[in-house]
Amino acid sequence: LEELVMDKIEADEGEQNPERPGSGPVWLPPGADVAGDDAPFCHSLEEHFWVPDRLADKSSSVVEAVNDFHFAMINDTPRNHFYRTALERAVKKGDTVLEIGTGSGLLAMLAARTGPQHVYAVEANRNMSELAQQLIKSNGLDSEITVINALSTHVEIGRHLPKKADVLVSEILGTLLLGESALAFVSDCRQRLLTPDATIIPAAGVQFVSFIESADIKSITSASNWDGINLEGFDALQDTCNVVFTKQYGFRLSSVPYKTLAGGIPVAEVDFYTDDPDSLPESRRMTVVAEASGTIHAAMLYWEVYSDREKTDVMSTDPEATRDNFPRDMQWGQALQLIEDSSRVGACPVPLAVEAGDELELLIRFSRDRAVMQFELLKKKDGAESDGASPDETGPAS
């Protein structure tokens, strides 16, 4: 089992049906072979620019992803402890462990140290698979770990795995909890590749949203008057529809002053043992109670995941949890969606001012693959419901 298992898939077949034979996530990992041709890194620079040989033929998408978040991910020490501890508790002698999205192979190597029968590490990109195999061999674990170069939805019992796995471990979490289609990939593994009583790490997770006021965020997302010149009409182009990651803005939320006006609201609770993408609705409605007075500038999203169903250990992207964890903020950070008062239509967005105790109607809309979400917040009208999502949850959140 020392060899690297290479799953050759024709590019045209992958483009037509990248989900075969398992169910199909829409999101594909950077540089996934089934996505089709990915230009080599040397083509991403002008031809007279210097490129070291070690990078020249590598997937440009993978090089970008590694430098964007993989280094930070590897150096997130609390994250690594979270997985090591969970694996030490879960893996028993004789178990087969499956990891999907192995990347560097770190989690597979942590799993191998716990003494299972064998570990199978799945990686969708050929360059990353080869590098993981090299790292595994350099750590003396190549006889205990087999790297499978395939998208996990293409892995099959009898072709790649000799039998169903007893433990599934993955870290395919985005800045949004399901931003990398974790629920779709895990549910596919659960249905086809795991024993009925398999352990899944992480076991569950919750996507939270808080509504915040921040003069600093306002200062980089809206126009203001300067020296008697009125520029507020420029706000006509302010995007209050899309979620943006804090690292895209170029700051750590934990370093920016902000005030929570309504916080810690769970908007998606996920059980990786039982749920699939259809377990979440396309939209839902909640009542939110303002905890403090102010102007809501943004929805701030963070998540928690749990090592087991008892929630023995928690890993979180709450800005308070990442304050002393620079790598976690650079890997994940938080997400922001700017907020306007959508009940007041005009040429420019109208700020949503609230008083402590105000009841607000929160409309949450999920993308079809449930990987992305959008928020609309309105002041609740006495005895009336606003147009929007179908009612799903009406209890207050505060």
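Coordinates for the structure precede this section.
No experiment lies behind these values; they were computed from the predicted model shown.

## Side note on the overall build of the protein
When helices and strands are counted, the protein shows 11 helices and 18 strands. Pairs at least 24 apart in sequence give 77% of the contacts found in the protein among residues at least 6 apart. Accessible surface for the protein amounts to roughly 18400 Å². Of this, 49% is attributable to carbon and sulfur atoms.

## Observations concerning unusual backbone geometry
The general pattern is negative phi for most residues beyond glycine and trans for most peptide bonds. Of the consecutive residues Ile-201 and Pro-202, the connecting peptide bond is found in the cis state with omega at -5°. Topologically, Pro-202 is positioned in the loop between strand E6 (194–201) and strand E7 (204–213). Even without being glycine, Lys-311 reaches a positive phi, approximately 60°. By secondary structure assignment, the location of Lys-311 is in the loop between strand E12 (298–306) and strand E13 (314–316).

## So, helix H7 (residues 182–192)
Along H7, 9 of the 11 residues are buried, which leaves the element largely enclosed by surrounding structure. Those residues of H7 that sit buried are Ala-182, Leu-183, Ala-184, Phe-185, Val-186, Ser-187, Asp-188, Cys-189 and Arg-190. Close packing links the buried residues of H7 with strand E2 (96–100), strand E5 (165–170), E6 and strand E9 (259–271).

## Quick notes on the packing of aromatic side chains
Per the stated rule, a full pass over the model turns up 5 aromatic pairs. Taking 5.3 Å as the distance between ring centres and 85° as the angle between the ring planes, the aromatic pair formed by Phe-82 and Tyr-83 counts as edge-to-face. Across the pair, Tyr-83 and Phe-82 agree in class, each one buried. Between Phe-208 and Tyr-302, the ring centres sit 5.2 Å apart and the planes meet at 15°, which makes this aromatic pair stacked. Placement of Phe-208 in strand E7 and of Tyr-302 in strand E12 is noted, with a sequence separation of 94 residues between them. On the basis of relative accessibility, which here comes to 8%, the residue Tyr-302 falls in the buried class. Here the basic side chain of Arg-309 rests over the ring of Tyr-273, its NZ or CZ set 4.2 Å away from the ring centre.

## Looking at a nonpolar patch on the surface
There is a patch of nonpolar side chains on the surface, built from Trp-226, Ile-229 and Leu-231 and spanning about 340 Å² of accessible area. Note on placement: Trp-226 falls in the loop between helix H8 (215–221) and strand E8 (244–245). Judged by relative accessible area, Trp-226 falls into the exposed class, the value being 60%.

## A closer look at the pairing of strand E16 (residues 359–366)
With 6 of 8 residues buried, E16 lies mostly within the body of the structure. Note that strand E10 (residues 283–289) and E16 share 7 bridges and pair antiparallel. When the sheet's bridge partners are listed, Val-289 is paired in E16 with Glu-359. Across 7 bridges, the pairing between E16 and strand E17 (residues 373–379) is antiparallel. Paired with Leu-360 across the two strands is Lys-379, which belongs to E17.

## Looking at the pattern of salt bridges
Taken as a whole, this structure holds 14 salt bridges when the rule is applied. Asp-188 is the salt-bridge partner of Arg-192, the closest N and O atoms lying 2.9 Å from each other. Taken together, the residues span about one helical turn, with Arg-192 and Asp-188 both in helix H7 at a distance of 4 residues. Here the salt bridges do not stand alone but share partners, grouping Arg-89, Asp-308 and Asp-313 into one network.

## Points about helix H6 (residues 126–138)
Between the first and last C-alpha of H6 there are 18 Å, a value that for 13 residues agrees with the 18 Å anticipated at 1.5 Å per step. Looking at the buried residues of H6, the elements they touch are helix H3 (60–74), helix H5 (106–112), strand E3 (118–123) and strand E4 (145–149). Looking at where H6 begins, the residue whose side-chain oxygen comes 2.9 Å from the main-chain nitrogen of Asn-127 is Asn-125.

## Some points on the nonpolar core
With 83 residues, the main nonpolar core has Leu-98, Phe-211 and Leu-362 as its most contacted residues. Ile-217, Phe-251, Leu-253 and Tyr-302 belong to the second-largest nonpolar core, a separate cluster that totals 14 residues.

## A look at the environment of Lys-163
The residue Lys-163 is located in the loop between E4 and E5 in this model. Under the relative-accessibility criterion, Lys-163 is labelled partly exposed at 36%. Excluding residues within four positions of it along the chain, Lys-163 makes contact with Gly-94, Thr-96, Gln-117 and Ile-157. Side-chain polar atoms of Lys-163 contact the side chain of Gln-117, separated by 3.2 Å.

## Considering the pairing of E17
With 5 of 7 residues buried, E17 lies mostly within the body of the structure. Connecting the antiparallel pair E16 and E17 is a turn made up of 6 residues, with Arg-370 showing a positive phi of about 65°.

## Some points on the environment of Val-169
Mapped onto the secondary structure, Val-169 falls in strand E5. Taking the relative accessible area as the measure of exposure, Val-169 reaches 0% and is therefore buried. Not counting residues within four places of it along the chain, the set of residues in contact with Val-169 comprises Tyr-83, Leu-87, Val-97, Leu-98, Glu-99, Ile-100, Leu-107 and Ile-201.

## Considering the side chain of Thr-102
Within the element layout of this structure, Thr-102 appears in the loop between E2 and H5. For Thr-102, a relative accessible area of 5% gives the class buried. Separated by 2.6 Å, the side chains of Thr-102 and Glu-99 make a polar contact. Beyond its immediate sequence surroundings of up to four residues, Thr-102 is in contact with Ala-108, Ala-121, Val-122, Glu-123 and Ala-132.

How each quantity is defined
Residues numbered from 1 in each chain as written. Predicted model: local features only at pLDDT ≥ 70, side-chain atom pairs only at ≥ 80, totals over all residues. Heavy atoms only, no water. Helix = DSSP H or I, 4+ residues; strand = E, 2+ residues; numbered from the N terminus. Contact = heavy atoms within 4.5 Å. Areas by Shrake-Rupley, 256 points an atom, 1.4 Å probe, with all protein chains shown as cover. Buried < 20%, exposed > 50% of the residue type's maximum accessible area, 1.4 Å probe, protein only. Phe/Tyr/Trp six-rings, centres within 6.5 Å; stacked < 30°, edge-to-face > 60°. Lys NZ or Arg CZ within 6 Å of the ring centre and 35° of its normal. Patch = residues over 30% accessible without salt bridge, like charges linked within 9 Å, V, L, I, M, F, W, Y side chains within 5 Å. Salt bridge = Lys/Arg side-chain N within 4 Å of Asp/Glu carboxyl O. Pairing = 2+ DSSP bridges. Expected span 1.5 Å × (residues − 1). Polar contact = N/O pair within 3.5 Å; in protein donor to acceptor, adjacent residues only side chain to side chain. Core = buried A, V, L, I, M, F, W, Y, C linked by side-chain atoms within 4.5 Å.

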